[in-house]
Amino acid sequence: WTLSSVTESPLGLFAVLPLDGRAFWDYFFKRARLFGLHTYEQDFLWTQYSLVPLLRRNATFADDWLRDMGWAAAKHEISLQYCMPYPRDYVASTQSTMVRTIRVTDDYKPNDGKNWRIGRQSLLAWAVGLLPFKDTFLTNSKTPQTGAANPGPEQSADLHALVSVLSGGMVGPGDGPGMANKTLITQTCMSDGNLLKPDHPALPID
């Protein structure tokens, strides 16, 4: 990329993507593997489409960008999670066996009443072979958390834990240091730490 390719949104956000995606992702994942990375989350997918004009104006650039990411991830044995996707990203995920999960919610905010509603998006994820991820959540429903990005407390921690397990994907406690509800977290997994999982994600009924 070059400085002239950097674009700014009305919100003051910047975005840039490499023109040689294969070289970039190969270098990036090679270095990340040295640090012990096993899973990479590509966040802000819809934001990147909005901020990088070439993703909207070129017929193949967006497809090449994700395909090159998947190629390099396979080379370096790093699994992928898509986050903040458009429907097109669900379809694009079928190009790579390394895309395993996809976040199916907006950002978690304590007590917003919406973040646990993942049924419809889970249906789309499962249809293309992905496991849905509900995003993180606070497990402590009693005490505000000074060490957490969202201080809470979360009044529906049990609901978020249950939905996370029924998604079949990752379970992401997001508590601050020393604030997690160990009792609730251990109800989501076996004694050896393996997550409890349904045969398939919970989906809307007909």
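In the block above lies the structure referred to throughout.
Counting from 1, residues in each chain are numbered in the order their sequence is written. At least 70 in pLDDT is required for a residue's local features to be given in this predicted model, at least 80 for side-chain atom pairs to be given and counted, and no such filter applies to totals for whole chains, interfaces and linings, which use all residues. Values reported for side chains reflect all heavy atoms of the structure, with hydrogen atoms and water molecules removed beforehand.

1. Examining the overall build of the chain
To be explicit about the condition: Every helix listed is a DSSP run of H or I at least four residues long, and every strand listed is a run of E at least two residues long, numbered separately from the N terminus. Values of the radius of gyration come from C-alpha atoms, whereas the globule rule sets the reference at 2.2 Å times the count of residues to the power 0.38. Relative accessibility decides the category of a residue: with a 1.4 Å probe and only protein chains considered, values under 20% of the type maximum give buried, values over 50% give exposed, and everything between is partly exposed. Any two residues whose heavy atoms approach within 4.5 Å at even a single point are treated as in contact. The Shrake-Rupley method, run with a 1.4 Å probe sphere, supplies the accessible areas, and residue values consider only the shown protein chains as cover. The convention is simple: Lys and Arg are positive, Asp and Glu are negative, and His and the chain ends are not counted. Charged groups are reduced to one reference atom each: NZ for lysine, CZ for arginine, CG for aspartic acid, CD for glutamic acid.
Scanning the chain for helices and strands turns up 8 helices and 6 strands. Counting helices and strands in the order they occur from the N terminus, the chain gives β-β-α-β-α-α-α-β-α-β-α-β-α-α. By the compact-globule yardstick of 17 Å for 206 residues, the chain fits well, its C-alpha radius of gyration being 18 Å. For the C-alpha atoms alone, the extent of the chain along its principal axes is close to 50 × 40 × 40 Å. Residues counted as buried form 41% of the 206 residues belonging to the chain. When contacts within the chain are restricted to residue pairs at least 6 apart in sequence, long-range pairs at least 24 apart make up 63% of them. If you sum the accessible surface of the chain, you get close to 11,900 Å²; carbon and sulfur atoms cover 57% of it. The chain carries 19 positive and 20 negative side-chain charges, and their two centres are separated by 2 Å.

2. Examining unusual backbone geometry
In this structure, the amide linkage connecting Gly152 to the following residue, Pro153, adopts the cis form with an omega of 5 degrees. Take Pro153: it is sitting in the loop between strand 6 (131–133) and helix 7 (157–167). Phi is positive for Glu77, close to 55 degrees, though the residue is something other than glycine. By secondary structure assignment, the location of Glu77 is in the loop between helix 4 (61–75) and strand 4 (79–82). The backbone phi angle of Met84 is positive, close to 55 degrees, even though this residue is not glycine. Relative to the helices and strands, Met84 is located in the loop between strand 4 and helix 5 (87–92). Judged by its relative accessible area of 12%, Met84 falls in the buried class.

3. Considering the packing of aromatic side chains
Spelled out, the test is: Two aromatic rings, drawn from Phe, Tyr or Trp (for Trp, its six-membered ring), form a pair once their centres lie within 6.5 Å of each other, and the interplanar angle then sorts them: stacked below 30 degrees, edge-to-face above 60, tilted otherwise. Over a ring means this: the NZ of a Lys or the CZ of an Arg is within 6 Å of the ring centre and within 35 degrees of the ring normal.
This model, assessed by the stated rule, comprises 10 aromatic pairs. On the numbers, 5.8 Å between centres and 15 degrees between planes, the contact of Phe24 with Phe28 is stacked. Of the two residues, Phe24 and Phe28 both sit in helix 1 (residues 21–34), 4 residues apart, roughly one turn of that helix. Relative to Trp65, the ring of Tyr49 lies with its centre 6.5 Å away and its plane at 80 degrees, an arrangement referred to as edge-to-face. Of this pair, Tyr49 sits in helix 2 (residues 45–51) while Trp65 sits in helix 4; the two residues are 16 residues apart in sequence, bridging distant segments of the chain. Assigned by exposure class, Tyr49 and Trp65 land together as buried. Cluster of aromatic residues (ring-pair linked, three or more members): Phe24, Trp25, Phe28, Phe29 and Tyr40. Sitting above the plane of the Tyr49 ring, Arg88 keeps its charged end 4.7 Å from the centroid.

4. Observations regarding helix 7
Buried residues of helix 7: Ala157, His160, Ala161, Val163, Ser164, Val165 and Ser167, and no others. In this structure, the buried side of helix 7 is in contact with strand 6 and helix 8 (182–186). Two residues or fewer after helix 7 comes Gly168, characterised by a positive phi angle close to 80 degrees.

Purely spatial values, then, with no claim about function.
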